[in-house]
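What the coordinates show
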Amino acid sequence: MSVPEKMQAVLFDSYGSPDVLHVAEVPVPIPAANEVLVRVRAAGVNPADTGLRAGKYKLFSGSRFPMGLGLDLAGEVAQVGTGVKDFRPGDAVYTFRDAGRPGSYAQYATVSATHLAPKPKTLGFTEAAAVPVAALTALQGLRVRGELKAGQRLLVIGASGGVGTFAVQMGKLLGAHVTGVCSTRNVELVRGLGADEIIDYTRESFVSGGRSWDVILDTVGTDYGASKKALARRGTWVTIVPSPKVVFYTALRMLPGGPRVHTFMAQPEAAQLREVAEWIDSGRLRVLVEKVYPLPEVAEAHRHSESHRARGKLVLELP
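Residues numbered from 1 in each chain as written. Predicted model: local features only at pLDDT ≥ 70, side-chain atom pairs only at ≥ 80, totals over all residues. Heavy atoms only, no water.

Thoughts on empty space enclosed by the protein
Put simply, the rule is: The way it works is a 1 Å grid over only the protein atoms, where trapped points that fit a 1.4 Å probe form a cavity and open points with protein on both sides within 12 Å along at least five of seven lines form a pocket, and then any residue with an atom within 4 Å of a point lines it. Grid points are joined across faces, edges and corners, and a volume is the space filled by probe spheres set on the points. Strands are runs of DSSP state E lasting at least two residues, helices are runs of H or I lasting at least four, and both sets are numbered from the N terminus onward. Residues were grouped as follows: Ala, Val, Leu, Ile, Met, Phe, Trp, Tyr, Cys and Pro as nonpolar; Asp, Glu, Lys and Arg as charged; and all remaining residues, including Gly, as polar.
Applying the stated criterion to the full structure yields one cavity of 30 Å³ or more. Within this model, the largest cavity holds a volume of roughly 40 Å³. Phe 96, Arg 97, Asp 98, Arg 101, Thr 110, Val 111, Ser 112 and His 115 together form the lining of the largest cavity. Top element by residues in the lining of the largest cavity is strand β7 (residues 108-112). It accounts for three residues. Of the residues assigned to the lining of the largest cavity, the class counts are two nonpolar, three polar and three charged.

Okay, structure coming up:
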C-alpha cells in the first residue's frame, strides 16, 4: 500500500470549546519497531476526547501544542515496523491508542502491534471504529473491576450511552440479571438490548424502593456517597468518571471493611478485542452508532457528544 508524505489530521492549539479544533496537513508518522501504521478509515468519538480538548486532563497532557485527538480507530494496515509478524499491509484491523498517545482523528496513525486485532468481519470500518474504547471499558469494568458473576444483579447507569449499550449486552452474556437506567426516550432501546428491568430516571430514582445490586457500573458520574445504599453488602461500585470524592472512596477500599469502589480507564487488550469481535460476528453483541460525521465536522461531533444525548456511539469518517 503506497503511503503519502502528508495527511489530514485534527489538531488544536489551545484548550477550549469545540471551536478550537481544526483540520491541518501534517507529516504521516513512521512506524517504529513493533508498531503498525494504520490507514484510518473511521475514528470513534469519546468523552475522553472532548475532555482532553476542554483541558480537563491538562495536569497530565501538559501544554505542548498543537495536540492531536482520538483513541478509537478502524482501518487497514499500511506499513509494519521491524519485528511485526502477525500483520501485513492490507489487513483490516481495529483498536484504540492508549490515552497518552491520542491521534486517531487522522488519515494515518501508528499503533503498537500488541494492541491491534482483526476487525470484526461482519462490520464495516465505520461501525468497527465505534467498538474498541466503549466495548473494552464495559468488559473491563464488569469482568475485571466488578468481578461480575453469573446470577448476580447488575445495574448499568447510563444504559443508552456508548459504554452503557455494550455493558447491558455484556452483562447478559456474562449471565447477570441486568437493570438499565436511562431516560424515557431510551427505554425501548435499552429493553431491546436485553435488559431485564429498566429504571426511567426521569420518573424514579434507582436509590428509592430499597433495591440493591451486586455490581453497579456508573458511566455518567453519579454521586457514590449519595447512592451507595443501592449497593448490596459486599457489592462493587465501578465508575468510569473519576472525581475527588470517588478517588477518596477508592482509597478507603484499601482499608479492612472499606467500600469496594473502583475508577479506571480502559486499556487496549488485543485478546479482549478478539473476544468482542467473536461476539459481534456471532450476532450476540450489537453495535449502535447514532451519527457519522465527516472529518471537517469534528467540532459538531464534539458538541453532540458533550450534550450527553447520544444513543450509542458517534463516529468520524476519514477522507
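As for the pairing of strand β11 (residues 197-200)
What counts is decided by this rule: Should DSSP find at least two bridges between two strands, the strands are regarded as paired. A crossover counts as right-handed when, viewed with the strands pointing away from the observer, the path leading from the first strand over the helix to the second turns clockwise.
As paired elements, strand β10 (residues 177-182) and β11 share four bridges and run parallel to each other. Bridged to Gly 180 within β11 is Ile 198. Where the polypeptide runs from β10 across helix α6 (residues 187-192) and back to β11, its parallel neighbour, the crossover connection is right-handed.

Quick word on the sheet that holds strand β4 (residues 67-68)
Strands sit in the order β2-β1-β4 across an open sheet of three strands; the sheet is antiparallel. Single-partner strands in this sheet number two, and they are β2 (21-27) and β4. As defined by bridge partners, strand β1 (residues 6-12) adjoins β2 across seven bridges and the pair is classed as antiparallel. Its bridge partner being in β2, Gln 8 is matched across the sheet by Glu 25.

Some points on unusual backbone geometry
So the rule is basically this: Here's how the labels work: a residue is buried when its accessible area is under 20% of the maximum for its type, exposed when over 50%, partly exposed in between, all with a 1.4 Å probe on protein chains only.
Note that the residue after Phe 65, namely Pro 66, is joined by a cis bond; omega there is 0°. Positionally, Pro 66 belongs in the loop between α2 (58-61) and β4. One non-glycine residue, Asn 34, lies in the positive phi region at around 65°. Its identity is not glycine, yet His 308 carries a phi of approximately 60°, on the positive side. Its location among the elements puts His 308 in the loop between α10 (298-306) and β16 (313-317). A relative accessible area of 72% places His 308 in the exposed class.

Description of the environment of Asp 223
With respect to the secondary-structure elements, Asp 223 resides in the loop between β12 (213-218) and α7 (224-227). According to the relative accessible area criterion, Asp 223 is partly exposed, its value standing at 34%. Separated by 76 residues in sequence, Asp 223 and Ala 299 place their C-alpha atoms 29 Å apart.

Description of the side chain of Ser 227
Note the following rule: Working rule for contacts: check all heavy atoms of both residues, and any pair within 4.5 Å makes them a contact.
Following the sequence through the fold, Ser 227 ends up in helix α7. With sequence-adjacent residues up to four places away left out, Ser 227 is seen in contact with Phe 206, Val 207, Thr 222 and Trp 237.

Some points on the nonpolar core
Using the following cut-off: The set of buried Ala, Val, Leu, Ile, Met, Phe, Trp, Tyr and Cys residues whose side-chain atoms join them within 4.5 Å is what this entry labels a nonpolar core.
Ranked by internal contacts, the top residues of the largest apolar core, which has 51 residues, are Tyr 94, Val 131, Phe 166, Met 170 and Val 276. For this core, the secondary-structure elements that each account for two or more residues are β6 (92-96), α4 (132-145), β9 (153-157), α5 (162-173), β10, α6, β12 and α9 (270-281). Ranked by residue count, the leading element in this core is α4, at seven residues. Ranked by size, the runner-up nonpolar core spans 31 residues in total, among them Leu 73, Val 84, Ala 113 and Val 298.

Points about the packing of α4 against α5
Between two packed helices, the angle of one axis relative to the other and the distance separating the axes together describe the packing. Formally: In this description, a line fitted to the C-alpha atoms serves as the axis of each element, helices being fitted only across the stretch in contact, and the angle between N-to-C directions of two axes falls anywhere from 0 to 180 degrees. Roughly parallel means an angle under 35 degrees; roughly antiparallel, over 145; roughly perpendicular, 65 to 115; everything else is oblique. Crossing chirality is assigned from the near helix's rotation relative to the far helix, an anticlockwise turn below a right angle marking it left-handed and a clockwise turn marking it right-handed.
For the pair α4 and α5, the least separation of the axes is 8 Å and the interaxial angle reads 50°. In this view, α4 runs oblique relative to α5, as classed from their interaxial angle. You can see that α4 and α5 cross each other, and the crossing is right-handed. Contacts from Ala 134, Ala 135, Thr 137, Ala 138, Leu 139 and Leu 142 in α4 reach Gly 162, Val 163, Phe 166, Ala 167, Met 170 and Gly 171 in α5. Tallied by class, the residues present in the contact of α4 with α5 amount to nine nonpolar, three polar and no charged.

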